[in-house]
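# Survey of secondary and tertiary structure
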Amino acid sequence: MAITYNDLFLDIRRELKKGGIIDTTLEARELVCFGVNKTKEELTRDGRLYAPPELERRVRELTARHLAGEPVAYLIGEWEFYGLPLDISKEVLIPRPDTEVLVDQALPYVQSLGNCRVLDLCAGSGCIGLALASQAPQAHVVLGEFSDGALRICRQNTRRNALTGRVIPMTVNALERPDRALGEFHCIVSNPPYIPHGDIPGLDHSVKDYEPHLALDGGEDGLDFYRAISEKWKAALAPGGRQGIPTGIAIALPGPEYVALVCSRSGMGTRHGITLSNSVGVIDSDYRGELTVGLVNHGDVPYTIQPGDRIAQLMVLPILRPTLTVVEELDETERGSGGFGSTGR
C-alpha cells in the first residue's frame with residue numbers, strides 16, 4: 001500500500017517510540033531523510049507525495065537495525081556537533097551533545113587569545129577542535145589522533161567544514177610524551193577514553209557492540225589517559241596556557257547529601273590518594289587533602305577527604321558544570337594542567 005513521506009515519517013516515529021527510543025522525532029527524521037535521499041527541507045516540501053516502495057523498504061530496514069541497537073549516526077554516516085556537519089564511521093565515537101559543554105567552556109578563552117595554537121588530543125572525529133576553530137577564526141588547531149581510521153575521519157571533516165587552512169590532523173599518541181617538533185599550545189583540550197577495561201562488557205549494547213573500544217578503553221581503572229595527559233603533556237603548554245579535560249569522581253559523603261561530584265586538580269587516581277577498582281574504591285588510609293566538592297543544590301563547598309570515605313562511582317564525565325571543571329591556570333614559570341570556568345576555589 002502506497003504511503004506518503006509524511007506518513008512514513010510518522011510511522012517510523014511511532015515504531016521508535018514503541019521501541020523505547022527517547023528522541024524519536026530527531027532520529028525518525030534522520031532515518032527517513034537518509035533512506036529516501038532527501039534533505040530535511042525536501043522531506044517537508046514533499047511530505048504529501050508518495051514514497052517509492054523500494055525507498056520505504058530501505059527506511060524500514062534502517063529502522064529495524066536501529067531498534068536492534070545500531071546507532072543512527074553509524075547508519076547514516078554523519079552527525080551534527082556544535083552546528084557542524086561531521087562524517088562519522090565506526091572508527092570514531094559518536095559526538096555527544098554533552099561534549100559541547102567542554103567547547104562552551106574553552107571557547108571564550110580561545111577567542112580572547114586571538115592568534116593562538118590549540119591542540120585537540122584524542123580527537124576522534126575532530127569535533128571539539130573543529131568546533132573551536134569554527135568559532136575562533138584566528139585559532140590554529142591540531143587534531144591529534146593515534147588511530148589511522150579516526151585520523152581519516154578528521155581529515156574528511158576538516159575538508160567538509162572548509163577549515164583546511166587552520167586545522168591540521170596529525171598522528172599523535174596521547175600516552176607518550178609529545179614530540180618537541182609539535183611546539184607549544186596555548187590551549188589543550190581532550191575528551192579521552194575513560195571507561196575502565198573491566199566495565200566495557202557491561203556497557204549498553206549500542207555502545208559496546210558498535211563504538212570503537214580503542215576510544216572507550218581507559219585502562220584498568222579508566223584513568224590511563226588522564227594520568228598521561230596530566231603528567232606528560234603539560235610540557236606542550238605555552239606559558240599562561242590552559243588545559244581542559246572533563247573529569248570528576250562521585251564520592252559518598254556524610255550527611256544528607258550523600259553523593260557529590262568531586263573535582264580534582266591535575267591528575268587523578270592514586271596521585272590523590274584514591275584507590276580505584278572497577279569504578280569503586282576507598283580513600284587511602286594515609287591520605288589527607290581538601291578538594292572542591294559540588295553538592296547538588298548546594299553549590300561548591302570545601303570538603304576535607306577522610307580516610308575510609310567511599311567512592312560511590314567513578315564519573316569521568318563528558319558533561320560538567322563550569323564549577324566542576326578541572327582548573328589550574330599556568331603562570332609564566334610553571335607548566336601544569338587546567339581548565340575553564342569558575343574555579344570553585
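The structure reproduced in this document is the subject of the present report. (Residues numbered from 1 in each chain as written. Predicted model: local features only at pLDDT ≥ 70, side-chain atom pairs only at ≥ 80, totals over all residues. Heavy atoms only, no water.)

### Brief notes about the packing of helix H6 (residues 100-113) against helix H7 (residues 127-135)
Test applied: To obtain each axis, a line is fitted to C-alpha atoms, and for helices this fit is confined to the stretch in contact; angles are then taken between N-to-C directions over 0 to 180 degrees. Runs of E in the DSSP output that reach at least two residues are strands. Runs of H or I that reach at least four are helices, and both are numbered from the N terminus. Note on terminology: angles under 35 degrees are roughly parallel, angles over 145 are roughly antiparallel, angles of 65 to 115 are roughly perpendicular, and the others are oblique. Crossings are classed by handedness, with left-handed meaning an anticlockwise turn of the near helix from the far one by less than a right angle and right-handed meaning a clockwise turn. Only heavy atoms matter for contacts: two residues are in contact if any of them lie within 4.5 Å across the pair.
Direction vectors running N to C along H6 and H7 enclose 40°, while the axes themselves pass 10 Å from each other. Regarding the angle of H6 to H7, the classification is oblique. Both H6 and H7 take part in a crossing whose hand is right-handed. Each of Leu102, Val103, Ala106, Leu107 and Gln111 in H6 lies in contact with H7, whose residues at this interface are Ile128, Ala131, Leu132 and Gln135.

### Thoughts on helix H2 (residues 24-36)
Put simply, the rule is: One fewer than the residue count of a helix, multiplied by 1.5 Å, yields its expected span. Under the scheme applied here, a residue whose accessible area is under 20% of the maximum for its type counts as buried, over 50% as exposed, and between as partly exposed, the area being computed with a 1.4 Å probe on protein chains only.
Counted at 1.5 Å a residue, the expected span for H2 with its 13 residues is 18 Å, and the 18 Å between its end C-alpha atoms agrees. Taken together, the buried positions of H2 are Thr24, Glu27, Ala28, Glu30, Leu31, Val32, Cys33, Gly35 and Val36. Structurally, H2 contributes buried residues whose contacts are with helix H1 (5-18), helix H3 (40-45), helix H4 (53-67), helix H5 (72-76) and strand E1 (78-81). At the C-terminal side of H2, Asn37 shows a positive phi close to 60°.

### Digging into the nonpolar core
To be explicit about the condition: By nonpolar core we mean a set of buried residues, namely Ala, Val, Leu, Ile, Met, Phe, Trp, Tyr and Cys, connected to one another through side-chain atoms within 4.5 Å.
Formed by 57 residues in total, the largest nonpolar core has its most connected members in Leu8, Val32, Val36, Ile88, Val118 and Leu132. Excluding its chain neighbours within four sequence positions, the residues that come into contact with Val32 are Leu8, Phe9, Ile12, Leu43 and Val59. Counting 14 residues, the second largest nonpolar core, distinct from the first, contains Leu119, Leu121, Phe185 and Ala236.

### Quick look at the sheet that holds strand E4 (residues 139-145)
Let me state the cut-off plainly: Two strands make a pair as long as DSSP finds a minimum of two bridges between them.
Read from one edge to the other, the open sheet built from five strands follows the order E5-E4-E3-E6-E7, with strand pairing classed as parallel. Edge positions in the sheet fall to strand E5 (167-171) and strand E7 (237-244), since each has one partner strand and no second. Adjacent strand axes in the sheet meet at a mean angle of 20° when their direction is disregarded. Here strand E3 (residues 116-121) pairs with strand E6 (residues 185-190) via four bridges, running parallel. Counted as the bridge partner of Asp120 is Val189 from E6. Contacting E4 and E5, helix H8 (residues 148-160) runs over the sheet at an angle of about 170° to E5.

### Describing the side chain of Thr158
Mapped onto the elements of the fold, Thr158 is located in helix H8. Here Thr158 is in contact with Leu130, Leu143, Leu163, Thr164, Val167 and Pro169, once residues within four sequence places are set aside.

### A look at the packing of H1 against H2
Our working rule: When residues are grouped by polarity, Ala, Val, Leu, Ile, Met, Phe, Trp, Tyr, Cys and Pro land in nonpolar, Asp, Glu, Lys and Arg in charged, and all others, Gly among them, in polar.
The interhelical angle for the contact between H1 and H2, taken along N-to-C directions, is 130°, at an axis separation of 9 Å. Considering the angle they form, H1 stands oblique to H2. For the pair H1 and H2, the crossing hand works out as right-handed. Facing H1, whose interface residues are Tyr5, Leu8, Phe9, Ile12, Arg13, Leu16 and Lys17, H2 presents Thr24, Thr25, Glu27, Ala28, Arg29, Leu31, Val32 and Val36. Classifying every residue of the contact of H1 with H2 gives nine nonpolar, two polar and four charged.

### Structural notes on helix H10 (residues 224-232)
Residues of H10 that are buried include every one of Phe225, Tyr226, Ala228, Ile229 and Ser230, and no others. Packed against the buried residues of H10 are E3, E6 and E7.

### Let's talk about unusual backbone geometry
For Asn37, which is not glycine, the phi torsion reads 60° and is therefore positive. Within the secondary structure, Asn37 sits in the loop between H2 and H3. Positive phi, close to 60°, is recorded for Cys122, a residue that is not glycine. Within the secondary structure layout, Cys122 lies in the loop between E3 and H7. A residue is classified by how much of its surface remains accessible, and Cys122, at 18% relative accessible area, is buried.

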